[in-house]
Amino acid sequence: MTDGLLPAAQAEALLLHCIDYRLAEAVSHYMRGRALTGGYDVVALAGASLAAQTPEHPEWAATFWGMLDVAIRLHGIRRVLLLDHRDCGAYRLALGCDLARDHDAETAAHAHHLRRLRAEIAGRYPAISVETLLMALDGSVEIVP
Ligand SMILES: [Zn+2]
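In this report, we go over the structure that sits alongside the text. Each chain has its residues counted from 1, following the order in which its sequence is written. Totals for whole chains, interfaces and linings use all residues, but because this is a predicted model, local features are given only for residues with pLDDT of at least 70 and pairs of side-chain atoms are given and counted only at 80 or more. Excluding hydrogens and water, the side-chain values take into account all heavy atoms of the structure.

Points about the sheet that holds strand S2 (residues 40-44)
With respect to topology, 5 strands assemble into an open sheet ordered S2-S1-S3-S4-S5, the strand pairing being mixed. Two strands lie at the open edges of the sheet, namely S2 and strand S5 (141-143), each paired on one side alone. Shown here is a sheet whose adjacent strand axes are inclined to one another by a mean of 25°, direction ignored. Whether two strands pair comes down to DSSP finding at least two bridges between them. Numbering goes from the N terminus for both helices and strands, where a helix is a DSSP run of H or I of at least four residues and a strand is a run of E of at least two. Inspection of the sheet shows strand S3 (residues 79-85) paired to strand S4 (residues 129-135) by 7 bridges, in the parallel sense. Within the sheet, the bridge partner assigned to Arg 79 lies in S4 and is Ser 129. Taken strand by strand, helix H1 (residues 24-33) contacts strand S1 (13-17), S2, S3, S4 and S5, and its axis lies near 135° from that of S4. By definition, residues are in contact when any of their heavy atoms lie within 4.5 Å. Note on method: axes are straight lines fitted to C-alpha atoms, helices fitted across the in-contact stretch only, with angles between N-to-C directions ranging 0 to 180 degrees. Across the face of the sheet, helix H2 (residues 58-75) comes into contact with S1, S2 and S3 while running at roughly 160° to S1.

Structure representation (structure tokens):
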């Protein structure tokens, strides 16, 4: 490189996850385990999939869609990983209840938002594949079908 410009870059995926500091290391560990380290863009918004849909904060959704568009145009990403997590404070604030007390209700709330965002991404970007994931506080990740 002699002209100061970065080489044309290619990334595999865009990761949307929550801002929650408790899971920062677990998220990095998970992405390492997926062999995606060094190959993904990141958007961190409180509530992850919820943030991209919450009517209380339309600017959060706008940020997500803007970053997704940039990641596609700039890095040619082909996959989006939507990574929600259990005991999420953003879900607690938005829904007005503590879902962490009811495992099944918590799973259902995340599944609802993850699936709805996946469908919206598919509608806007049919060539992009979307993974819907839910992380527990111990760092384990389950796939939400
Ligand atoms: Zn959270």
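A look at the side chain of Asp 84
Mapped onto the elements, Asp 84 comes out in strand S3. The cut-offs for exposure are 20% and 50% of the maximum accessible area for each residue type, with area from a 1.4 Å probe on protein chains only; residues under the lower value are buried, those over the upper are exposed, and the others partly exposed. A residue counts as positive if it is Lys or Arg and as negative if it is Asp or Glu; His and the chain ends are not included. What counts as a salt bridge is simple: a side-chain nitrogen of Lys or Arg found within 4 Å of a carboxyl oxygen of Asp or Glu. Nearest to the buried, unbridged Asp 84 among oppositely charged side chains is Arg 86, at 10.0 Å. Polar contact criterion, stated in full: a pair of N or O atoms within 3.5 Å, where within protein one must be able to donate a hydrogen and the other to accept it, and residues adjacent in sequence count only if both atoms are side-chain atoms. Within the local environment of Asp 84, its side chain forms a polar contact with the side chain of His 110, the two groups lying 2.8 Å apart. Look past the residues within four positions of Asp 84 in its chain and what remains in contact with it is Gly 47, Ala 48, Ser 49, Tyr 91, His 110, Leu 114, Leu 133, Leu 134 and Met 135.

Details of H1
Inspection of H1 places Val 27, Tyr 30 and Met 31 among the buried residues, and these make up the whole buried set. What you see down the axis of H1 is that its buried residues fit within an arc of 95°, all on one side. Looking at H1, the residues exposed on the side facing more than 90 degrees away from the buried face are Glu 25, His 29 and Gly 33. Buried residues in H1 make contact with S1, S2, S3, S4 and S5. Looking one or two places after H1, you find Ala 35, whose phi comes out positive at around 60°. Relevant arc is that of directions from the helix axis to the C-beta atoms, nothing else.

Overview of the packing of H2 against helix H4 (residues 103-124)
Remark: H2 packs on H4, axes separated minimally by 13 Å, with the N-to-C direction vectors making an angle of 45°. As summarised for this structure, H2 and H4 are arranged oblique, according to the angle between their axes. Both H2 and H4 take part in a crossing whose hand is right-handed. Touching Phe 64, Trp 65 and Leu 68 of H2 are Leu 117, Glu 120, Ile 121 and Arg 124, all from H4. Gly is put with the polar residues, along with every residue not named as nonpolar or charged; the nonpolar set is Ala, Val, Leu, Ile, Met, Phe, Trp, Tyr, Cys and Pro, and the charged set is Asp, Glu, Lys and Arg. Looking at the contact of H2 with H4 residue by residue, the class counts come to 5 nonpolar, no polar and 2 charged. Geometric relationships in this document are graded by angle, where less than 35 degrees denotes roughly parallel, more than 145 denotes roughly antiparallel, 65 to 115 denotes roughly perpendicular, and other angles denote oblique. Handedness of a crossing follows from how the near helix is turned relative to the far one, being left-handed for an anticlockwise turn of less than a right angle and right-handed for a clockwise one.

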